[in-house]
Amino acid sequence: MMLLKRGFRLLKIASVVLTAQLCMSLAPAITKSLHSKHISCNRWQPLKSAATDEVTNHAEETDDATSSKVDHIPGSRGDGYIVTKTYDVPIEGFPSLSDVFEPSDQERLQLEVMNVTLPAALMLLDPEKYPTQSRARKAIRQRAICICRRNSDSKFDELGKVIARAYPGDIIGYQQRGGSDYYSVQGTPYRLPAFDVPVIFEDDHVAIVNKPAGIVAYRAEGNRGGGSRGGHGRDTLISALPAVLKPSNIPITDENYPMKRPQPVHRLDRPTSGLVVVAKTKLATVHLSQQFEFRKAQKTYMAILNGSPQQPSCDNETTEDGWNLIDHDLEDKSAVTKWKVLQTVKSLHGNNGVLTLVELKPKTGRYHQLRRHMAWVCKAPIVGDATYDEDNMRLRKRGLFLCSNEITIEHPYYNTPSGREEWSQLNKDALNLGEGCLLEEDEESGIVTLRVRIDLPKKFASFLMHEDARANKFLNETE
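Here the structure is a predicted model, which means the values were calculated and not measured. (Residues numbered from 1 in each chain as written. Predicted model: local features only at pLDDT ≥ 70, side-chain atom pairs only at ≥ 80, totals over all residues. Heavy atoms only, no water.)

1. Things to note about the overall build of the chain
Our working definition: A helix here means a DSSP run of H or I that spans at least four residues, while a strand means a run of E at least two residues long, and both kinds are numbered starting from the N terminus. Residue exposure (1.4 Å probe, protein chains only): buried if accessible area is under 20% of the type maximum, exposed if over 50%, otherwise partly exposed. Two residues form a contact once any of their heavy atoms are found within 4.5 Å. Residue exposure ignores everything except the shown protein chains as possible cover, and the areas themselves are Shrake-Rupley values with a 1.4 Å probe.
Within the chain, the secondary structure is distributed over 11 helices and 19 strands. Residues classed as buried in the chain amount to 45% of the 479 residues present. A separation threshold of at least 6 residues defines the contact pool for the chain, and within that pool the share at least 24 residues apart is 63%. With the model as given, the accessible surface of the chain reaches about 26400 Å², and the carbon-plus-sulfur share is 50%.

Right, dumping it as structure tokens:
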């Protein structure tokens, strides 16, 4: 039996060796055959898996083979990729071919001055970025290389392949996937996010987006790539913004210019969903940051509490309109929160058999202020809060029920001298702000404010209805 197994093993090894030798012997013939077919069909095949929209602003032929200026970079491709860097294959070919490749490599790869493989062309055109064949092949396999053939009407309609050839007059492009030419040309590394980031409001100065629950706003400090060292990689809000926002078209001056990357001016906790304000210009970043620092921005949250919130007289004051005021310091710093009960439902697992939907308006921005005020002062932690509601495990299955659903800010541009002049000439009726957005001038102060409100996530209503129905059904059965 042992001899039989050994015989099968030797036979298998022999077949693998013979197959490898046969492939090596046929490789030059196959390459030559592919090359002849390549020339007979005008040297390229259009992409079948991606759109081939025309690319404007074709790169002109220059003495320098590498071109990285904006006006030399074609526009967005129809398949969601953007060419951010181009390499012109010289008309005279590659006379320095023998300086990079040994004669044996030239013979093996069928390299000629006027006809080289795509990996070899990358090594010759950009030796710093592609010092080896392995590096060049890796970029090609990652779909980062595309080709605009000579006399192809300025179309990058061929996706680079390891076996592809490069000829004089061709343009090799390095492409990135993303949302806008500006951010990509500026060298901002990003890719399309793996999660949805709805844009609620956007103009050339500011944007307001809806951050999903479970997504952090920033990367962990010192861990840009995430991985085994920690951090969050690129699955963060700040990494997704260049892919979902349009570039700012403001005139560039010494005082104001578009940001290289859209910048959130405040944070939301990872499990919290809702509105986040994003600055797109330098002046907007300064103005909006000051509004949050000096508490001019007005934020509204909705939350579902585990139980019925208490109202201790020492820390909580009730006004005539139903609002309650909490003035309870956190880390020896002032922390003030306004809150109001909107709805109460029965629950089999809630504290005291109830759940409470509340509206929250923080007047300060302390760490976990709303979550700690509800849990420590009102004795009713937010449902799904694993940090401040450690006892109740049954209500954690659907995440934290806390959402920033409304925000009001002063517009960072229309309240400046130049912005006021533009605002006075603006046709207010022609503004297409979208649902839930209101851009208006206050009659008393004359300040132009932007107010945005969104609906609560569907899980809020479904959770309350489900808990109330289960509790009522149980109570009816026990009667």
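2. As for the pattern of salt bridges
Which entries qualify depends on this criterion: The salt bridge criterion pairs a side-chain nitrogen of Lys or Arg with a carboxyl oxygen of Asp or Glu, the two atoms within 4 Å.
In the structure shown here, the tally under the stated rule is 12 salt bridges. Notably, a salt bridge pairs Glu 359 with Lys 361, separated by 3.9 Å at the nearest N-O pair. For Glu 359, a relative accessible area of 12% puts it in the buried group.

3. Notes on the state of the cysteines
Operational definition: Two cysteine sulfur atoms form a disulfide, by the criterion used here, when they sit within 2.5 Å.
Inspection of the entire model under this criterion finds zero disulfides. Here Cys 146 is not cross-linked by a disulfide; its sulfur's nearest cysteine counterpart is in Cys 148, at 8.5 Å.

4. Overview of the side chain of Gln 175
As a reminder, the rule being used: Whenever a nitrogen or oxygen atom comes within 3.5 Å of another N or O atom, the pair is scored as a polar contact, on the condition that within protein one atom can donate a hydrogen and the other can accept it, and that pairs from neighbouring residues in sequence are kept only if both atoms are in side chains.
Among the secondary structure elements, Gln 175 is positioned in strand β7 (residues 171-177). Residue class for Gln 175 comes out buried when judged on its relative accessible area of 3%. A polar atom in the side chain of Gln 175 sits 2.7 Å from the backbone oxygen of Arg 143.

5. As for helix α7 (residues 237-244)
Side chains of residues three or four places apart in an α-helix project in the same direction, reflecting 3.6 residues per turn. In terms of residue burial, α7 counts as a mostly covered element, since seven of its eight residues are buried. Regarding α7, the residues found buried are Leu 237, Ile 238, Ser 239, Ala 240, Leu 241, Pro 242 and Ala 243.

6. Brief notes about unusual backbone geometry
The phi dihedral of Arg 295 falls on the positive side, at around 60°, and the residue is not glycine. With respect to the helices and strands, Arg 295 occurs in the loop between α8 (282-293) and β12 (298-306). A relative accessible area of 48% places Arg 295 in the partly exposed class. The backbone phi angle of His 368 is positive, close to 55°, even though this residue is not glycine. With respect to the helices and strands, His 368 occurs in the loop between β16 (354-362) and α9 (369-377). Using a relative accessible area of 12% as the deciding quantity, one classes His 368 as buried.

7. What about helix α11 (residues 458-478)?
Convention followed: What a helix is expected to span follows from its residue count: subtract one and scale by 1.5 Å.
With 21 residues, α11 should cover 30 Å at 1.5 Å per step; its first-to-last C-alpha distance of 31 Å lies within 8% of that length. Contacts from the buried residues of α11 go to β12, β15 (336-346), β16 and β17 (402-410).

8. Observations concerning the pairing of strand β8 (residues 199-202)
Selection rule: A pair of strands is considered paired only if DSSP assigns at least 2 bridges between the two.
In this sheet, strand β9 (residues 206-211) lies alongside β8 in antiparallel orientation, the contact comprising three bridges. The residue bridging Glu 202 from the neighbouring strand is Ala 207, located in β9. Turn length for the β8-β9 hairpin, with the two strands adjacent in sequence and antiparallel, is three residues.

9. Quick word on a nonpolar patch on the surface
The line we're drawing: Only residues above 30% relative accessible area that lack a salt bridge enter a patch, with like-charged residues linked at up to 9 Å and the nonpolar side chains Val, Leu, Ile, Met, Phe, Trp and Tyr linked at up to 5 Å.
On the surface, Leu 348, Phe 474 and Leu 475 cluster together into a nonpolar patch covering about 250 Å² of accessible area. Structurally, Phe 474 can be placed in helix α11. When its relative accessible area of 43% is taken as the criterion, Phe 474 is described as partly exposed.

10. Observations concerning the layout of surface pockets
What counts is decided by this rule: Points on a 1 Å grid over protein atoms alone make up a cavity when a 1.4 Å probe fits among them but cannot get out, and a pocket when they form an open set with protein on both sides within 12 Å along at least five of seven lines; lining residues each have an atom within 4 Å of a point. Grid points are joined across faces, edges and corners, and a volume is the space filled by probe spheres set on the points.
In this model, the largest pocket occupies a volume close to 920 Å³. In this structure, the largest pocket is lined by 35 residues; those nearest its centre are Arg 267, Lys 299, Tyr 301, Gly 365 and Arg 366. Broken down by secondary-structure element, the contributors of at least two residues to the lining of the largest pocket are α8, β12, β16, α9 and β17. The biggest single contributor to the lining of the largest pocket is β12, with four residues.

11. Things to note about the packing of helix α4 (residues 118-125) against helix α5 (residues 133-141)
Test applied: Between the N-to-C directions of two axes lies an angle of 0 to 180 degrees, each axis being a line fitted to C-alpha atoms and, for a helix, fitted only over the stretch in contact. Just so you know how the angles are binned, under 35 degrees is roughly parallel, over 145 roughly antiparallel, 65 to 115 roughly perpendicular, and the rest oblique. Should the near helix be turned anticlockwise from the far one by less than a right angle, the crossing is left-handed, and should it be turned clockwise, the crossing is right-handed. In the scheme used here, Gly and all other residues not listed as nonpolar or charged are polar, with Ala, Val, Leu, Ile, Met, Phe, Trp, Tyr, Cys and Pro taken as nonpolar and Asp, Glu, Lys and Arg as charged.
Relative to each other, α4 and α5 sit at 115°, their axes nearing to 9 Å. The pairing of α4 with α5 is recorded here as roughly perpendicular in orientation. In this structure, the crossing between α4 and α5 has a hand that is right-handed. Contacts from Leu 118, Pro 119, Ala 120, Leu 122 and Met 123 in α4 reach Gln 133, Ala 136, Arg 137 and Ile 140 in α5. Among the residues forming the contact of α4 with α5, the class breakdown is seven nonpolar, one polar and one charged.

12. Describing the environment of Arg 135
Topologically, Arg 135 is positioned in helix α5. A residue is classified by how much of its surface remains accessible, and Arg 135, at 45% relative accessible area, is partly exposed. Each residue touching Arg 135, except ones within four places of it in the same chain, is listed here: Lys 129 and Tyr 130.

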